[in-house]
Amino acid sequence: MSQDKIDILERALKREKAARKAAEKILEQKSTDLYYSNKKLEKLYEELESELTRTDSQLQGVFENIVDAYVIMDLSGDILKMNSAAVKLLEFESEQQDDNLMNMVFPEDYEVVTKSFKSLIKDGSITNFEIKIKTKQNKIKLVHINASIIYDKGTPVAAQGIVRDITKTKEDELVVKLINNVAQSILGKLDIYDIAFEITDKIANYLESDDCVIYLYHEDSHTLEQIAAYGEKLDKHNRLVNKIILKEGQGVVGHVAKTGIAEIVNNTNEDSRYVVDIVERKSEITVPIKIGNKVIGVIDSENENENFFTQKHLEMLNNIASLVALQLKSAVS
């Protein structure tokens, strides 16, 4: 081999070694860069994970500490998550209890709830929705709901809502409205029968009862006469039929007239004083109308269900009786 070829090969080998060395240096640098990049990514990941943990913890804290009941459910109504306020409102045993919110809706309200839920999915939110529900302990509550849809990449996947118990607020509003209506309806009336009929109509509607009767107490004969009624005691001309006259002390009505103390009977089958009037019913509420300590009449209402009447009903009827007594005093004097 000639010297020229040897020189050419040596120069080529030298260039190859130099190129390899340069490539190794570049590779070494890239490896170093990659190592530090990985370290940086690991640190960023740790920081991100820590931040997510903190955020999740903060969100959980907010979720748990919302004063109002907060519920998350899937699009079929199954509860996915709820806070302690929701457990208390809906009377569940724990936050982990499974159920479907439709189970708490009364059958007669299914249609309006279904319509509202479709509107929620379509529009993304609903506000000021009010519905009557039955809790897990079978208590009836009126609730106010504001709800919105939860999306995943633009697709509805769940719904969240704030639920408030407005039962007492609505009851208070109804009582005030009823008392005002009674006061206006009897204002200026001096005929005791007109006054009594005005009262029975409004009380029965408030109590959602098919039965309400007002008795007038006759001091000379110590008897109680039915003078006005609502429901089956009236004929098609709104005239009172099948009137009952009770002796003082007879029946729950007669007993209340004698003692002057209002009563609620939760199960008439267990009360020997109960007197059937037209139809036998399970619950009875009876309130005296008094001027001072003197009983001048009695308000009586019945319902077909046991344990129907409440202390709230009793307070309302006592207020009505006090209001009516003033007007009846003028009518009977």
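Residues numbered from 1 in each chain as written. Predicted model: local features only at pLDDT ≥ 70, side-chain atom pairs only at ≥ 80, totals over all residues. Heavy atoms only, no water.

## Structural notes on the overall build of the chain
- For the chain, the count of helices and strands is 7 helices and 11 strands.
- Per-residue burial for the chain yields a buried fraction of 37% across its 333 residues.
- For the chain, long-range pairs separated by at least 24 residues make up 47% of all intrachain contacts whose partners lie at least 6 apart in sequence.
- For the chain, the exposed surface amounts to about 20,600 Å²; the carbon and sulfur share of it is 52%. (Helix = DSSP H or I, 4+ residues; strand = E, 2+ residues; numbered from the N terminus. Buried < 20%, exposed > 50% of the residue type's maximum accessible area, 1.4 Å probe, protein only. Contact = heavy atoms within 4.5 Å. Areas by Shrake-Rupley, 256 points an atom, 1.4 Å probe, with all protein chains shown as cover.)

## A closer look at the confidence of the model for the chain
- Averaged over every residue, the pLDDT of the chain is 81; residues scoring 70 or more account for 78%.
- Predicted confidence for residues 55–63 stays below pLDDT 50, and this span has 6 contacts to residues more than four positions away or in other chains. (pLDDT = per-residue confidence, 0-100.)

## Brief notes about the side chain of T223
- By the element assignment, T223 lies in strand β7 (residues 223–231).
- We classify T223 as buried; its relative accessible area is 15%.
- At a separation of 2.6 Å, a polar atom in the side chain of T223 contacts the side chain of S221.
- If near-sequence neighbours (up to four positions away) are discounted, T223 is found in contact with L216, Y217, H218, I245, L246, K247 and E248. (Polar contact = N/O pair within 3.5 Å; in protein donor to acceptor, adjacent residues only side chain to side chain.)

## Thoughts on the packing of aromatic side chains
- This model, assessed by the stated rule, comprises 1 aromatic pair.
- Ring centres 5.1 Å apart and planes at 85° place the aromatic pair F308 and F309 in the edge-to-face group.
- Seen from the ring of F106, K132 lies directly overhead, with NZ or CZ sitting 4.8 Å from the centre. (Phe/Tyr/Trp six-rings, centres within 6.5 Å; stacked < 30°, edge-to-face > 60°. Lys NZ or Arg CZ within 6 Å of the ring centre and 35° of its normal.)

## Looking at unusual backbone geometry
- Look at N128: it is not a glycine, yet its phi comes out positive at around 55°.
- Classification of N128 as exposed rests on a relative accessible area of 56%.
- A positive phi angle, close to 55°, is found at E208, a residue other than glycine.
- Structurally, the position occupied by E208 is in the loop between α5 (192–207) and β6 (211–218).
- Its relative accessible area of 67% is what places E208 among the exposed residues.

## What about the sheet that holds β7?
- Sheet architecture is open: 6 strands sit in the order β8-β7-β6-β11-β10-β9, paired in antiparallel fashion. The open sheet has two free edges, formed respectively by β8 (245–247) and β9 (263–265), since each of these has just one partner strand. Within this sheet the neighbouring strands show an average axis-to-axis angle of 25°, counted without direction.
- For β6 and β7, the ladder comprises 8 bridges, and the chain directions are antiparallel. In the sheet register, L216 faces β7, and the bridge partner there is E225.
- Against the sheet, α5 touches β6, β7 and β11 (294–303), its axis set at about 55° to β7.
- Contacts between helix α6 (residues 251–259) and the sheet are confined to β6, β7, β8, β9, β10 (283–291) and β11, with β10 contributing the most and set at about 30° to the helix. (Pairing = 2+ DSSP bridges. Axes fitted to C-alpha atoms, helices over the stretch in contact; angles between N-to-C directions.)

## Overview of the nonpolar core
- Core analysis: the biggest nonpolar cluster contains 31 residues, and I199, I203, I299, M316, I320 and V324 have the highest contact counts within it.
- For this core, the secondary structure elements donating two or more residues are α4 (167–186), α5, β6, β7, β10, β11 and α7 (311–332).
- Considering each element in turn, this core owes the most residues, 8 residues, to α5.
- Ignoring anything within four residues of it in the chain, the contact list for I199 reads I186, I214, I320 and V324.
- Judged by nonpolar contacts, the second largest core, of 26 residues, contains M82, L120, I126 and A159. (Core = buried A, V, L, I, M, F, W, Y, C linked by side-chain atoms within 4.5 Å.)

## Looking at the sheet that holds strand β2 (residues 79–82)
- Taken together, the 5 strands give an open sheet; going across it, the order is β2-β1-β5-β4-β3, and neighbouring strands pair in antiparallel fashion. The open sheet has two edge strands with one neighbour each: β2 and β3 (125–134). Strand-to-strand twist across the sheet, computed as the mean angle between neighbouring axes with direction ignored, equals 30°.
- Across 8 bridges, β3 lies against strand β4 (residues 140–152) in antiparallel orientation.

## A look at the pairing of β4
- Where β3 hands over to β4, the hairpin turn is made up of 5 residues, of which N138 adopts a positive phi near 65°.
- Where β4 meets strand β5 (residues 155–165), 10 bridges bridge the pair, whose relative direction is antiparallel. What sits directly across from D152, in β5, is T155.
- Between β4 and β5, which pair antiparallel and follow one another directly, the connecting turn spans 2 residues, one of which, K153, has a positive phi of 55°.

## Let's talk about the pattern of salt bridges
- Scanning the model with the defined rule gives 13 salt bridges in all.
- Of the charged contacts in the structure, one is a salt bridge between D172 and K312, with a shortest N-O distance of 2.6 Å. Of this pair, D172 sits in helix α4 while K312 sits in helix α7, and the two are 140 residues apart along the sequence.
- Residue classification places K312 among the partly exposed residues on the basis of a relative accessible area of 22%. (Salt bridge = Lys/Arg side-chain N within 4 Å of Asp/Glu carboxyl O.)

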